[in-house]
Amino acid sequence: MERRVAERLRGALGPLGLEPHAFKVGWYNAVLQPAFHLPYPDDTLAFVILSTPSMFDKALKPFVKKERLKIIRDPVDQCISHHLSRVKEKFPDQRVDVMFDYEILPSRKPKFLAQTAAHVAGAAYYYQRKDVKHDPWGKKKIYGVCIHPKYGGWFAIRGLLLFPDIQVLLLEQPAPVDCVSTEEKRIELLEQFNFHWQDGRYRDIIEVKERYSEEQRVYFATPPAERFRLLGLTQEAQRITFH
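Summary of the structure given here. Each chain has its residues counted from 1, running along the sequence as written. Confidence filtering applies because this is a predicted model: local features only for residues at pLDDT of at least 70, side-chain atom pairs given and counted only at 80 or more, and all residues used for totals across whole chains, interfaces and linings. Excluded from the side-chain calculations are hydrogens and water; all other atoms, namely the structure's heavy atoms, are used.

1. Description of the sheet that holds strand β3 (residues 97-100)
Here comes step 1: In this analysis, strands are considered paired if DSSP registers two or more bridges between them. Helix and strand assignments come from DSSP, with helices taken as H or I runs of at least 4 residues and strands as E runs of at least 2, each series counted from the N terminus. Pairing is antiparallel in the open sheet, where 4 strands are placed in the order β1-β2-β6-β3. Pairing within the sheet leaves two strands with one partner each, and these edge strands are β1 (18-24) and β3. Taking each pair of neighbouring strands and ignoring which way they run, the sheet shows an average axis angle of 20 degrees.
Here comes step 2: Looking at chain direction, β1 and strand β2 (residues 44-51) are connected through 7 bridges and run antiparallel. Angles here are taken between N-to-C directions and fall from 0 to 180 degrees, while the axes themselves are lines fitted to C-alpha atoms, restricted in helices to the stretch in contact.

Shown next as structure tokens:
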């Protein structure tokens, strides 16, 4: 069952520059405190959805062109929401729950921890402070970051698709590729991500096969309120969104 679902998802999302990676809810819950657990049985089938560098041209720009008068909030969030909601139509006989990376609970906690989901699904390695043996940061707060073996840091984790009616007892957990394997490189990665994230150097901590285009880099480096103009959206859309 998992294989059929995965193939259908890849067929629907692949042409959009989106990647689905399967995992069991139990793998995710096992590494987190109860406050962050997903409220499903351990064997529930789920997929974490990544956006690759090609998403910008394959999904976002066509979506903006087609839906330009309907875009009233963040265009990327609205684009991802549109496409993942449409994926549910591919499974008319199944319940499909969708969670997005930007959603938060009333407690102000995120609905799910995106980087943890990517790690347990084997999609990208979540490098954290605990992965460095000789910690050089003292009392500083150090945040972790996921690195993809193909895209480095040039990707994003966009959401989860959960299939509550599908239990996968025999699904084998894939290990994420440890592509930043030396102590020196891990320290460099976490330094760059925590203290120099705006220059984006951490994204190229490994040799990548694909990265964001210059147009895409400019878009994501631009303050959200000004991104509408880069996509050719109207001033009216901006007023609706920000006022």
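There is more to say after this.
2. Some remarks on helix α1 (residues 2-13)
Here comes step 1: Spanning 12 residues, α1 covers 16 Å between terminal C-alpha atoms, matching the ideal 16 Å at 1.5 Å per step.
Here comes step 2: Burial classes: relative accessible area under 20% of the type maximum marks a residue as buried, over 50% as exposed, and values in between as partly exposed (1.4 Å probe, protein chains only). For α1, the set of buried residues is Val5, Ala6, Leu9, Ala12 and Leu13. For α1, the angular spread of the buried residues around the axis is 130 degrees, confining them to a single face. Among the exposed residues of α1, those pointing more than 90 degrees away from its buried face are Arg3, Arg4 and Gly11.
Here comes step 3: Buried residues along α1 sit against β1, β2, α4 (75-87) and β6 (156-167). Take the residue count of a helix, subtract one, and multiply by 1.5 Å to get its expected span. As used here, the arc is the angular range of directions from the helix axis to the C-beta atoms. In what follows, residue pairs with any heavy atoms lying within 4.5 Å of each other are defined as contacts.

3. Side note on the layout of surface pockets
Summary: where empty space remains is shown by rolling a probe the size of a single water molecule over the atoms.
Here comes step 1: The space that makes up the largest pocket amounts to roughly 1,000 Å³.
Here comes step 2: In this analysis the probe radius is 1.4 Å and the grid spacing 1 Å, with only protein atoms considered; a cavity is a set of points the probe fits into but cannot get out of, a pocket is an open set with protein on both sides within 12 Å along at least five of seven lines, and lining residues have an atom within 4 Å of a point. Along the walls of the largest pocket sit 28 residues, with Phe155, Trp197, Tyr202, Arg203 and Phe220 positioned nearest its centre.
Here comes step 3: Classifying every residue of the lining of the largest pocket gives 13 nonpolar, 6 polar and 9 charged.
Here comes step 4: Computed from the structure, the second largest pocket encloses a volume of approximately 410 Å³.
Here comes step 5: Surrounding the second largest pocket, 18 residues form its lining, Leu113, Gln115, Thr116, Tyr126 and Gln128 being those nearest its centre.
Here comes step 6: Looking at the lining of the second largest pocket, the elements with two or more residues in it are α5 (114-120) and β4 (125-127).
Here comes step 7: Of the residues forming the lining of the second largest pocket, the biggest block, 5 residues, is contributed by α5.
Here comes step 8: Residue type decides the class: Asp, Glu, Lys and Arg count as charged, Ala, Val, Leu, Ile, Met, Phe, Trp, Tyr, Cys and Pro as nonpolar, and the leftover types, Gly among them, as polar. Partitioned by chemical class, the residues of the lining of the second largest pocket number 10 nonpolar, 5 polar and 3 charged. Grid points are joined across faces, edges and corners, and a volume is the space filled by probe spheres set on the points.

4. Points about the state of the cysteines
Here comes step 1: Working definition: a disulfide is two cysteine sulfur atoms within 2.5 Å of each other. Here the structure, examined in full by the defined rule, presents 0 disulfides.
Here comes step 2: Counting only cysteine sulfurs, cysteine 179 is the nearest neighbor of cysteine 146, a cysteine outside any disulfide, at a range of 9.9 Å.

5. Observations regarding the packing of helix α3 (residues 55-67) against helix α7 (residues 214-221)
If you want to describe how two helices pack, look at the angle between their axes and the distance between the axes.
Here comes step 1: Running from amino to carboxyl end, α3 crosses α7 at an angle of 60 degrees, the nearest separation of the two axes being 11 Å. Regarding the angle of α3 to α7, the classification is oblique. Of the two elements, α3 crosses α7, and the hand of that crossing is left-handed. Across from Phe56, Asp57, Leu60 and Lys61 in α3, the residues of α7 making contact are Glu215, Gln216, Tyr219 and Phe220.
Here comes step 2: A per-class count over the contact of α3 with α7 returns 4 nonpolar, 1 polar and 3 charged. Small angles under 35 degrees read as roughly parallel and large ones over 145 as roughly antiparallel, with 65 to 115 read as roughly perpendicular and the rest as oblique. Left-handed describes a crossing in which the near helix is turned anticlockwise from the far one by less than a right angle; the clockwise case is right-handed.

Remember that the coordinates give geometry; whether it matters functionally is a separate question.
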